[in-house]
Number of protein chains: 2
Amino acid sequence: MRHGPLKLKAQLLCGDSIAFGPGKADLLDAIDAHGSISAAGRALGMSYRRTWLLVDEMNRCWQDRLVATGRGGGGGARLTDAGRKVLAAYRALEAAIDAAVESTAAFERLGQGLRDAPLPPGTEPAARRGAA
Amino acid sequence: MRHGPLKLKAQLLCGDSIAFGPGKADLLDAIDAHGSISAAGRALGMSYRRTWLLVDEMNRCWQDRLVATGRGGGGGARLTDAGRKVLAAYRALEAAIDAAVESTAAFERLGQGLRDAPLPPGTEPAARRGAA
């Protein structure tokens, strides 16, 4: 989620694994659109191995797998009912967060005084002066 | 920001630099509490070099620096007015996001079916079946 200079990230953790997040949400959308893990990966510019590992990590984090694949070789892939529910809930959560950010005065205040680009390293006088 | 298994991160970008985020907010709090960059770093378990680099990156991203340090060696450090304003706006934004998350039904729906810990790799049958 981007709001001008503000970048927001929502991740759902399962132990040390990432059960869901922005990349996995986009991957589910792509699998739904393309009907296979390899085509989804290509559409997102990811290697097949990387795409497959993301699907595997997701599936191991939920009681019901989010992506189902056919038996044997080139069977295609599809979202399960659980996959559709998690994806919809995640997008709804993103929308609620987006609405909260846009409606809070703090967001506008936070952007005030922000430069378009940082000064080069070593040009900020105050921070250069020895240990404090 | 944590809500059970949900981890949220809000970062303010300035070009390729991170002008502000959760780590820098905690660092400003620590500088405010301890009155020096080195003591703040120690309190947060960071090296002096790492702490100093974070302060320098922050200061270069804003029209007015967020942390002021004394002239010469061990002069101490303090938040500027700009630093206090940015920190307060960031905490207010976090609070608005927290409230939105807690009040949306999507948050509760998203957690349903999530395991406490992932299954071990290779144990999820559907994702193991070849290319799809």
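Some words on the side chain of Asn 59 of chain A
All names here are of chain A. Considering the arrangement of structural elements, one finds Asn 59 in helix α3 (residues 48–61). There is a polar contact of 2.7 Å between the side chain of Asn 59 and the backbone nitrogen of Leu 66. Within the structure, Asn 59 has its side chain in polar contact with the backbone oxygen of Val 67 (distance 3.1 Å).

Considering the packing of aromatic side chains
All names here are of chain A. This model, assessed by the stated rule, comprises 2 aromatic pairs over all chains. Measuring from ring centre to ring centre gives 5.1 Å for Phe 20 and Tyr 90, while their planes differ by 70 degrees; the resulting arrangement is edge-to-face. Taken together, the residues span a long stretch of sequence, with Phe 20 in strand β3 (residues 17–20) and Tyr 90 in helix α4 (residues 81–103) at a distance of 70 residues. Here Phe 20 falls in the buried class, since its relative accessible area comes to 0%. Taking the relative accessible area as the measure of exposure, Tyr 90 reaches 1% and is therefore buried.

Some words on a positive patch on the surface
Where like charges cluster on the molecular surface, the positive patch consists of Arg 2, Lys 7 and Lys 9 of chain A together with Arg 2, Lys 7 and Lys 9 of chain B. Elements supplying a minimum of two residues to the positive patch: β2 (6–14) of chain A together with β2 (6–14) of chain B. In this structure, Lys 7 of chain A sits in strand β2. Relative accessible area serves as the criterion here: at 38%, Lys 7 of chain A is assigned to the partly exposed category.

A short note on the nonpolar core
With 69 residues, the main nonpolar core has Phe 20, Ile 31 and Trp 62 of chain A together with Phe 20, Ile 31 and Trp 62 of chain B as its most contacted residues. Broken down by element, this core gets its largest block of residues, 8 residues, from helix α4 (residues 81–103) of chain B. Among all residues touching Ile 31 of chain B, those that are not within four sequence positions of it are Ser 36, Ile 37, Ala 40, Val 55, Val 67, Ala 77, Arg 78 and Leu 79 of chain B.

Concerning the interface of chain A and chain B
Taken together, the contact pairs 71 residues of chain A with 71 residues of chain B. Between chain A and chain B, roughly 5,900 Å² of surface is buried when both sides are summed, and carbon and sulfur atoms account for 60% of that area. At the boundary of chain A with chain B, the tally comes to 0 salt bridges. Taken together, the connections running from chain A to chain B amount to 13 residue pairs in polar contact (both at pLDDT 80 or more). Elements supplying a minimum of two residues to the side of chain A that touches chain B: β2, β3, α2 (37–44), α3, β4 (67–69), α4, α5 (105–111) and α6 (125–128) of chain A.

Points about the relation of the copies chain A and chain B
In screw terms, the move from chain A to chain B is a rotation of 180 degrees and a rise of 0.0 Å along the axis, fitting with an RMSD of 0.0 Å. Expressed as an axis order, the relation between the two copies is that of a two-fold axis. Among all residues of chain A, the minimum C-alpha distance to the rotation axis is found for Lys 9 of chain A, at 2.6 Å. Mapped onto chain B, 100% of the interface residues of chain A again fall at the interface, so both copies present the same surface.

Considerations on the pattern of salt bridges
Residues and elements named next belong to chain A. The final tally for this structure, using the stated rule, is 12 salt bridges over all chains. A salt bridge links Asp 26 to Arg 91; the nearest nitrogen and oxygen atoms lie 3.0 Å apart. On the criterion of sequence distance, the pair formed by Asp 26 in helix α1 (residues 22–34) and Arg 91 in helix α4 is long-range, its members being 65 residues apart. In this structure, Arg 91 engages Asp 29 in a salt bridge whose closest nitrogen and oxygen atoms are separated by 2.7 Å. Separated by 62 residues along the polypeptide, Arg 91 in helix α4 and Asp 29 in helix α1 bring together distant segments of the chain. Relative accessible area serves as the criterion here: at 27%, Arg 91 is assigned to the partly exposed category. Connected through shared salt-bridge partners, Asp 26, Asp 29, Arg 91 and Glu 94 make up one network.

What about helix α3 (residues 48–61) of chain B?
Spanning 14 residues, α3 of chain B covers 20 Å between terminal C-alpha atoms, matching the ideal 20 Å at 1.5 Å per step. What α3 of chain B keeps buried is the set Thr 51, Leu 54, Val 55, Asp 56, Glu 57, Met 58, Asn 59, Arg 60 and Cys 61 of chain B.

Some details on the environment of Pro 5 of chain B
Position of Pro 5 of chain B among the secondary structure elements: in the loop between β1 (2–3) and β2. By relative accessible area, which is 29% here, Pro 5 of chain B ends up partly exposed. Sequence separation of Pro 5 of chain B and Phe 20 of chain B is 15 residues, and the distance between their C-alpha atoms is 24 Å. Contact partners of Pro 5 of chain B, with chain neighbours within four places excluded, come to Gln 11, Leu 12 and Leu 13 of chain A together with Leu 114 of chain B.

The rules behind the values
- Residues numbered from 1 in each chain as written.
- Chains lettered and ligands numbered in written order.
- Predicted model: local features only at pLDDT ≥ 70, side-chain atom pairs only at ≥ 80, totals over all residues.
- Heavy atoms only, no water.
- Helix = DSSP H or I, 4+ residues; strand = E, 2+ residues; numbered from the N terminus.
- Polar contact = N/O pair within 3.5 Å; in protein donor to acceptor, adjacent residues only side chain to side chain.
- Phe/Tyr/Trp six-rings, centres within 6.5 Å; stacked < 30°, edge-to-face > 60°.
- Buried < 20%, exposed > 50% of the residue type's maximum accessible area, 1.4 Å probe, protein only.
- Patch = residues over 30% accessible without salt bridge, like charges linked within 9 Å, V, L, I, M, F, W, Y side chains within 5 Å.
- Areas by Shrake-Rupley, 256 points an atom, 1.4 Å probe, with all protein chains shown as cover.
- Salt bridge = Lys/Arg side-chain N within 4 Å of Asp/Glu carboxyl O.
- Lys, Arg positive; Asp, Glu negative; His and termini not counted.
- Charge placed at Lys NZ, Arg CZ, Asp CG, Glu CD.
- Core = buried A, V, L, I, M, F, W, Y, C linked by side-chain atoms within 4.5 Å.
- Contact = heavy atoms within 4.5 Å.
- Buried area = accessible area lost by both parts, 1.4 Å probe.
- Least-squares fit on C-alpha atoms with pLDDT ≥ 70 in both.
- Expected span 1.5 Å × (residues − 1).

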